[in-house]
Structures are given as C-alpha cells and as structure tokens.
Amino acid sequence: MKKGYRYLILISCLLAGFLFSLTSVKAQSITSDDYYVDTVSSPSQIYDHSEELTNLTIPANTQWKLGDQLVDGGLFFYQVGQDEYTSSEQSYLYQERIEVLGTSLKDTTKLYNFKGEEIPNRMLSANTYWYSDQLMNTRGHHYFRVATDEFIQAPDVRSESVTMSF
C-alpha cells in the first residue's frame, strides 16, 4: 500500500512539473534595437549603402525607425529606408524615454545641440524641472532632450522621474 502512494505522489509531482513548467522571458535592454533617427537639417540628404549622395531628401524634424548603421571614420550613416541612409551630420539616434528631469540646485545647466555642441547663451535655470522624451547618445555622452534640438547632458541631471502612459 505504501508503494502505491509513493508511485501516485511521484507521478503527481511529475505531471505538476509538466503542467506548471517555467517560462523564460527575455528582458529588453536599453541598448536593444529600439532606436529611432530624428532628422534635424532641412532637408536631410539621402545616401546609398556605398555612402554616395543620391538625389533624394527627407524633411527635417521627422522620425524614422533605425534599420542599419554604417560608419566611415567619425561619420555615421543611419538607414531610414531600403538602401537609403542619412548622415550623423544631419540627424541623430535616440531612444524614446519619457521622464521629468531636475536641474542642479545651485548652478544653471548648459544646453547642447544634437551634435553634442554647447549652445552659447542658452541654459536652464537652477532647481527647475523639465519634461524629456528622448535619450540620445552622441560622441560617447548621453543627453536628454528638453526642447527641439536642445539637450542636457546626463551628468547634469539632479533627479529623474520616469513617467509611463498606457
């Protein structure tokens, strides 16, 4: 009788293991393929995969899902269509990331353009909060967009509050 219960318990455990098996889920990384290209120059010129200029252009301030990237020295080319690329001189890569950012308590915060160049005579007041919708990486630095072609460097952010909408 004891053997019968043991077998019954063993078979029940095996069946429960198959019915309630673990499912693995792949977590998305901040460096995954969810990048977009934002064009800044008006109009942005289009290149082919050989980095040759074509007669096509795309309008400024338009967003495109990133396909592939080409690198030629320090210049990047971002694929926005089949054999259509725009250069990092006219556009930038970003990830959608909606948050509220706090600036330094005491000092003003410098503003930068999409190339990572400081914008002269433009800055954010100390101890203020700003809505940001994009996280950009250019020249090895992370920037948050606070206005059209105006960014602040990540180290200059005092606080972040991620917001989500459903």
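Treat the numbers as computed from the prediction; the structure is a model and nothing was measured. (Residues numbered from 1 in each chain as written. Predicted model: local features only at pLDDT ≥ 70, side-chain atom pairs only at ≥ 80, totals over all residues. Heavy atoms only, no water.)

A. A look at the pattern of salt bridges. The full count for this structure, using the stated rule, is six salt bridges. The salt bridge partner of Arg-145 is Asp-38, with a shortest N-O separation of 3.5 Å. Note that Arg-145 is positioned in strand 12 (residues 141-147) and Asp-38 in strand 1 (residues 36-39), a separation of 107 residues in sequence. The burial state of Arg-145 is the same as that of Asp-38; both residues are buried. Ionic pairing is found between Glu-99 and Arg-97, a salt bridge with its closest N-O pair at 2.6 Å. When salt bridges that share partners are traced, they join Asp-38, Asp-133 and Arg-145 into one network. (Salt bridge = Lys/Arg side-chain N within 4 Å of Asp/Glu carboxyl O. Helix = DSSP H or I, 4+ residues; strand = E, 2+ residues; numbered from the N terminus. Buried < 20%, exposed > 50% of the residue type's maximum accessible area, 1.4 Å probe, protein only.)

B. Seen up close, the pairing of strand 10 (residues 118-124). Looking at chain direction, strand 9 (residues 109-112) and strand 10 are connected through three bridges and run antiparallel. Within strand 10, the position partnered with Thr-109 by the bridge is Leu-124. Between the antiparallel neighbours strand 9 and strand 10 lie five residues, among them Gly-116 with a positive phi of about 85 degrees. (Pairing = 2+ DSSP bridges.)

C. Up close: the environment of Ser-161. Mapped onto the elements of the fold, Ser-161 is located in strand 14 (residues 159-162). The class for Ser-161 is partly exposed, based on a relative accessible area of 37%. Between the alpha carbons of Ser-161 and Glu-99 there is a distance of 5.3 Å; along the sequence they are 62 residues apart. Excluding residues that lie within four positions of it along the chain, Ser-161 makes contacts with Glu-99 and Val-100. (Contact = heavy atoms within 4.5 Å.)

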